[in-house]
Amino acid sequence: MTVEAAYYHAVIATDGAALESDVPIHAGSEAAEECRPGCGACCIAPSISSPIPGMPNGKPAGVRCVQLDDANLCRLFGDPRRPAVCRRFDYDAELCGDSRDQALARITALEVAT
Ligand code: SF4
């Protein structure tokens, strides 16, 4: 299993179209469990093999996506050019932890382990 497949296996697969919004809030299983706007860990720590506008070969693990803005929000939310794999991102309490630092550490560890 590739690192990317392992990562996305760890999150809840949903219909990407349903996740498109101006603010990346994703439904969690409980009200208090949802994506932290401005986190951006899942746009830095994992490798992404799909082409991204500005990164035609995707991105390596640990490299900040060029579409992540200064507020750590995706510039491509609502844009059809946003990779499908990104639309399937969803909050996962175990992987995302309690903070951005935890999320970065846990996603990086998953990358290294797989
Ligand atoms: S395209 Fe957007 S959601 Fe996908 S990695 Fe880049 S900033 Fe994150």
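Note that the structure is a prediction, hence the values are computed from the model and not measured.

Per the secondary structure count, the protein includes five helices and zero strands. Seen in sequence order, the protein has helices and strands lined up from the N terminus as α-α-α-α-α. Taking all 114 residues of the protein together, the buried fraction comes to 22%.

Taken together, Cys43, Ile48, Ile52, Cys65, Gln67, Leu68, Cys74, Leu76, Arg82, Pro83 and Cys86 form the complete shell of residues around the ligand. Of the residues contributing to the shell around the ligand, the split by class is nine nonpolar, one polar and one charged.

With a phi angle near 60°, Asn72 is a residue other than glycine that sits in the positive phi range. Secondary-structure assignment places Asn72 in the loop between α2 (16-19) and α3 (84-87).

What follows concerns the environment of Thr108. Take Thr108: it is sitting in helix α5 (residues 100-113). On the neighbour-count criterion, Thr108 (16 C-beta atoms within 10 Å) is partly exposed. Along the backbone, Thr108 and Ile44 are 64 residues apart, and their C-alpha atoms lie at a distance of 9.2 Å. Beyond its immediate sequence surroundings of up to four residues, Thr108 is in contact with Ala45 and Gly62.

The next point concerns the environment of Cys42. Inspection of the secondary structure assignment puts Cys42 in the loop between α2 and α3. On the basis of neighbour count, Cys42 is assigned to the buried category, with 26 C-beta atoms found within 10 Å. Each C-alpha atom, one on Cys42 and one on Phe89, is 7.9 Å from the other, the two residues being 47 residues apart in sequence. In this structure, Cys42 is in contact with Phe89 and Ile107, ignoring residues within four places of it in sequence.

So, on to the environment of Glu94. Residue position: Glu94 is located in helix α4 (residues 93-96). Sequence separation of Glu94 and Arg106 is 12 residues, and the distance between their C-alpha atoms is 8.7 Å.

Conventions and cut-offs
- Every chain is numbered on its own, with residues counted from 1 as its sequence reads.
- Whole-chain, interface and lining totals are the exception, using all residues; otherwise, since this is a predicted model, local features are given only for residues with pLDDT of at least 70 and side-chain atom pairs are given and counted only at 80 or more.
- Note on conventions: DSSP H or I runs of at least 4 residues are helices, E runs of at least 2 residues are strands, and numbering of each starts at the N terminus.
- Buried, partly exposed and exposed are defined by the number of other C-beta atoms within 10 Å of a residue's own C-beta, namely 20 or more, between the two limits, and 12 or fewer respectively, with C-beta atoms placed from the backbone.
- Think of it this way: take the backbone, place a C-beta atom on it, and check whether that atom is within 6 Å of the molecule or strand, in which case the residue is near it.
- Side-chain classes follow a simple rule in which Ala, Val, Leu, Ile, Met, Phe, Trp, Tyr, Cys and Pro form the nonpolar group, Asp, Glu, Lys and Arg form the charged group, and the remainder, Gly included, forms the polar group.
- Each residue is represented by a C-beta atom placed from its backbone, and any two residues with such atoms within 7 Å are regarded as in contact.

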